[in-house]
Structure formats: C-alpha cells, structure tokens
Amino acid sequence: MSAVIEKPGVEASNGALRSTIVNDFSIVAATKNGSGSQTANSTILRALFKMGIPVVGKNVFPSNIQGRPTWYTIRASSEGYTARRDANEITITLNPESAIDDYAKVAPNGVFIYADDIKMPMQRTDVFHYPIPAKKMANQYETDAKLKTYGANMVYVGGLAYLLGLDLKAIEDALTFHFKGKQKPVESNMKLVRAAFDWAGQNWKNDQPYRVEKMNGTEGLIMLDGNTAGALGSIYGGVNFVAWYPITPATSLADALDEYLPRLRMDKETGKPTFAVIQAEDELAALGMVVGAGWAGARSMTSTSGPGISLMSEFTGYAYFAEIPAVIWDVTRMGPSTGLPTRTSQGDVLKAYFLGHGDTKNVCLLPSSIYECFEFGWRALDLAERLQTPVFVLSDLDLGMNQWMSKPFDYPATDLDRGKVLSADDLNRLKGFARYRDVDGDGIGWRTLPGTDHPLAAYFTRGSGHNEVAGLTEKSEDWVKNMARLGKKHETARTIAPQPVIDQVDGAEIAIISFGSTDPAISEARARLAKEGYKISYLRIKALPLANSIIDFVAAHKRVYVVEMNTDAQMLSLLRLHNPAAGTKLVACNLNDGMPLTAKWVSEAILSKEK
C-alpha cells in the first residue's frame, strides 16, 4: 500500500538512486513519560495535517510513574488510511532505556534519529542513522532553565523537518494552535526548531527516502480525540447533570464536559450555569447520582472504564428494572482486574450488555469514529429517555484518547426526544396513568417527572417486584408479565437504535463483521485483500441489541469473520445467540494485545483461514 514515487529520487550513500516515498510512512517518537514530548509530537502531527496530509496520532504511554518509556506514533497516508501501521519507518529516540528495542524495530530502509549521548551498538546497514545533540541545543537556545528538558523535544522536530521537507510555517501554525495564540511560547519553541533545522542541514546527509509534500487530503476536516467529541455531542444533546470519578482512559471525557459546559451552557440572562458537574467519591456514587438525576428529569450521564463498570452494576440493574434514563460512557481498556490501564481493548461488550443481576439486556452504542462519538453523545441521551433505560456508549482508549481526523460535526437535526412524559394537562385528560403499563405495544410505559403539579402524578419507584401500577408485588404472574414487557421494550430498542452499516459486495462469498475502532484496519485490509482477488462484504455493528438485518447478511455468505479486540470473541458470542442457525458460518478473528489492530494483521488472519 506504499505510495512510492520514482521522481525525483535521492542519491544514497553508495551512489545509487533510491526511490522517494512520499506521504506514506509512520513516525515513532520514543521519549520519557512527563518529559514534555507531547507538545513536540502534537506539533508534528498538526503540521502534517495543515500541509493537507492525512494523519492520525496514537500515544502509547505507561500506566505507572513519570520517567518511564512512552511512544507516540504518527501515521501519514496519502491514501487516507488511519489504522496503526505495522512498520516503523522513522524512529526518533531520546530515551536510552528503550533505545535498543526502538532501534531493532526500525523497518528496513528506515530512519533512526537519536540523541547523540545515547551510546549503544548501531551496526545495521539497512538503517539511516542521524544523531542529534538534543540536550546541548536545548541548553544553548532555551533561556528558561525549567524548560530546557522540554526543549530537547523541539530539537527533534527541527531535525525531522529538515529530513522530510516539513514546512516550517506549518510547524509554527501548529504551535500557535497548541498554545492558543500565545506568542512567547510559540517563538521560544520555533527558535529551537529553526536552530535544529539549520544544524541538520549542515551536519546530515539527507539520503534517506522519506519525504512529505503538500496535498489537499485534509481539506474541510477537523482533528480531535473521541473523548472530547463525545463530550461535545452530549452537550449538544442537552446533558445537564454529570457525575464521575477519575479513571484512565475516561477522565478526559469528564474534563472536556467541565471545560465546554461553562462556555456553551450558561444562562444568557442570569449568567448562571444550567448544568452541574460533580466528582463523586467513587464510581458507585457517581452512577447513583446519575440515576437520581435521571429519575428527576435531568439528562444525566457518567464516564468510566471497565473497573468502574464493575462497581456500577447494582445501580445499572436498578435503573433497568425501575426504568430510569441514564447514559454511561465506557471508554474501554485492557482487563481483567486493573489490567493494562493505558492499553486499548473491546473487552466490556458482554459485561455492559448484560450488566445487572439477571435477565438484564442493556442498549449499547458502538462508535467507530470521532464523528460517531459526537453523534452518539446526543443520540444516547435521546435513546435513554425514549426507552427509559440505561444506555452505554462503548468507546475505547484508542478512539477516546488519540487524535483522529473527521468531517465537521453536524448539529442534531431533531429536537430532544424526552420520550413518554406526561404533563399535568395530560393527566387531566387521561384521568391518571399506570407507570409500568404498555399502552401502545412498544413495551414503554408513561412516566411523570417529580414536581408535576397534579395529584395523580405520583408513583412509587421500585427496584423490587412491582406490577403495572407500581405497586409492590411478589406474585409470579406479575413478575412474568413485567419481564415480558421489558423484553418487548428491548425489541423496540432493536429497531430504533443505530442500524448497521452494510457494504454487500456482489459475488462475495466471505464477509467481515466488526464494531468500533477496528473499522480503520478493516477498511484498509479489504483494499489489500481486493488486490489479491478477494471479494469481501462488510457489516459494521453500531449498536446492541443486534439488528435483524444481520441475519440476512450472514445468510448471504459462506463464511463471516468477526473481527474484534478481546480474548473471548465476545461479539461472536452475541451473534451466535442472536442467530443460532448460522453459528458455524461465524468465524472468530480476534486479537487482544493492547494495541490497535493493523490492516496487515487483519488481512493475514483472514488469509490464514482461507488458504
């Protein structure tokens, strides 16, 4: 899939002409956690983006203390692919602790930029070596003693800019964006970038093959992380109560709500907030507050990850049975237990879907892009109130914390869907209501909100057995009837939740089903497999419960590979439960190593089963 361009060619050390590879490679910056490298890495990423080159940035950072190794990967792709690349063509190393492994992982014909004080054997003849005096230049050009360590990172930005032909104006624009227009830090960092650029021009022979050129592949696009996108979508969906407890990788979603709600949701007349954001003492308390707020009529939500979901099980089951709206963002990380808190996974599918104390089936939305994170931010609130039930949004660390390109977000085209809420006038007209009665066949009863000024508005909210008028009961027939109605409501959810995206290819005998952030790797893998003559259909699940259209899709193919990032092939299990007759057609294609999938792994995994 390389965009190898024969013009103009560069002369290698042996005098031969080497083909130039333009706008199609990965850059890995290996540094220490807490060293300030994020500014440098985001500057490179956004500078490439401003040059019109499609890019994506992924941060692999330690879950323990400051000073441990961290890696930031930037993929540039002229074809617009955004999955993690399987090779590291350009590696930048300032960290002696990881340098030996970093060097070993450089792709053949790759580039190794390293701090000149790193002493280790460098005998590879298939790698271009570029030492750089990062600390020395930072000490020389950075006047603020507190920033000298951070300045070393900007030195490698300048050196990389020289090698690749990265536009210095784009770097300055990226720094201006990062520092929100503050000229002093922009000028301080650009001084280091220019000095390193000039030093590299005087000391390096640029015979390596990688280059960047301006293109228009990012025109009209924005760049953002999924957690911020989800927060903005929730705000535009009318959220007015948030309770949360810090946990990686979901904390930045709550932080984004805390940042943007005061800017977007203050009362214009009084200047007072129309929302509340509360950091609870733990995840159990957070969801308890959210359920209470949802019962009171607020659009309420929380954000957490796997361990927090475990603590939330009791209140989730209560809200499901008492039929109270609540939205829970689960930004999934590696488990079980504490697991790998800073690695990605899709391991919470079964837990979120069945979370409760038996016979619970929750609505789950499965975004695959930051655009869908925004969309599902407001759509989850609508569904929670329409269905009167908890709604999960299952994002993950890769989607939530990393930088992705997207088309601009669309403002919700419809009014807020508050669901079946009765006013005092409605109660006068109806002469009362039964809270848990199915009145029109969709399994959803009417509800009133606390404070409704009518003597017939009140009802008991129970997590224990109740009949259709909310009366306490332990009669078997009442229990069976109520559970049947909840099952009917779940069937309603199956039809109104976001439906799958289906690309059914004429003549294709095999197909792929996936969900969430595996989508970029699958899109690229299908292009790879198509070049080898394989026709492959594709269905991307956007929500649970599973849509009935999946049954027809599976029936139309001989084999269907279910691609997911967990150890137990959890979505495969749900598909077999949904469609037992087609169980043997469904083939597990799962990997759970903490890293986002690559197109190479997906295509090779499928080919290994096809041949």
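Everything below is about the structure shown above.
Residues numbered from 1 in each chain as written. Predicted model: local features only at pLDDT ≥ 70, side-chain atom pairs only at ≥ 80, totals over all residues. Heavy atoms only, no water.

Asks: Quick question: what am I supposed to make of a nonpolar patch on the surface here?
Replies: A surface patch of nonpolar side chains, about 330 Å² in accessible area, is lined by Tyr236, Leu264 and Tyr411. Relative to the elements of secondary structure, Tyr236 occurs in helix H7 (residues 226-236). Tyr236 gets classed as partly exposed once you look at its relative accessible area, which sits at 33%. (Patch = residues over 30% accessible without salt bridge, like charges linked within 9 Å, V, L, I, M, F, W, Y side chains within 5 Å. Areas by Shrake-Rupley, 256 points an atom, 1.4 Å probe, with all protein chains shown as cover. Salt bridge = Lys/Arg side-chain N within 4 Å of Asp/Glu carboxyl O. Helix = DSSP H or I, 4+ residues; strand = E, 2+ residues; numbered from the N terminus. Buried < 20%, exposed > 50% of the residue type's maximum accessible area, 1.4 Å probe, protein only.)

Asks: Teacher, can you tell me more about helix H13 (residues 370-387) here?
Replies: For an α-helix, the turn length of 3.6 residues means that residues three or four places apart are oriented alike. When the terminal C-alpha atoms of H13 are compared, their 25 Å separation across 18 residues agrees well with the 26 Å that a helix rising 1.5 Å per residue should span. Maximal helix bending in H13 amounts to about 30°, located at Phe376. Of all 18 residues in H13, 16 are buried, a share of seventy percent or more. Within two residues after H13, Gln388 carries a phi angle of roughly 55°, on the positive side. (Expected span 1.5 Å × (residues − 1). Bend = angle between axes of the 7 residues up to and from the residue.)

Asks: Explain the pairing of strand S3 (residues 24-32) here, please?
Replies: Regular strands place their side chains on alternate faces of the sheet. Most of S3 is tucked away, with 8 of its 9 residues classed as buried. Judged from the 9 bridges that link them, S3 and strand S5 (residues 69-77) form a sheet pairing that is antiparallel. Within the sheet, the bridge partner assigned to Ala30 lies in S5 and is Trp71. Alignment of S3 against strand S6 (residues 88-93), held across 4 bridges, turns out to be parallel. (Pairing = 2+ DSSP bridges.)

Asks: Whenever I open this one, the nonpolar core confuses me. Can you help?
Replies: Within soluble globular proteins, side chains that are nonpolar tend to cluster in buried spots. Counting 63 residues, the largest nonpolar core has Ile27, Leu48, Val55, Ile113 and Ile171 as the members making the most contacts within it. Looking at this core element by element, the count peaks at 9 residues for helix H4 (residues 148-164). Once residues lying within four places of it in the same chain are set aside, the contact partners of Leu48 are Ile27, Ile53, Val55, Ile74, Leu166 and Val212. The next biggest cluster of nonpolar side chains, apart from the first, holds 46 residues, and it includes Ile324, Ala326, Cys364 and Val562. (Core = buried A, V, L, I, M, F, W, Y, C linked by side-chain atoms within 4.5 Å. Contact = heavy atoms within 4.5 Å.)

Asks: How should I be thinking about the sheet that holds strand S19 (residues 501-503) in this particular structure?
Replies: Note: strands within a sheet are paired through backbone hydrogen bonds, in either parallel or antiparallel orientation. Here we have 5 strands laid out as an open sheet, ordered S19-S21-S20-S23-S24, and mixed in their pairing. Both edges of this open sheet fall to S19 and strand S24 (586-590), since each of them pairs with a single strand only. Going from strand to strand, the sheet's axes swing by 20° on average, the running direction of each strand aside. Two elements, strand S20 (residues 510-515) and strand S23 (residues 559-564), share 4 bridges in a ladder whose sense is parallel. Opposite Ile510, over in S23, you have Arg559 as the bridge partner. In the packing of helix H19 (residues 570-578) onto the sheet, contacts are made with S20, strand S21 (536-541), S23 and S24, and the angle to S23 comes to roughly 135°. (Axes fitted to C-alpha atoms, helices over the stretch in contact; angles between N-to-C directions.)

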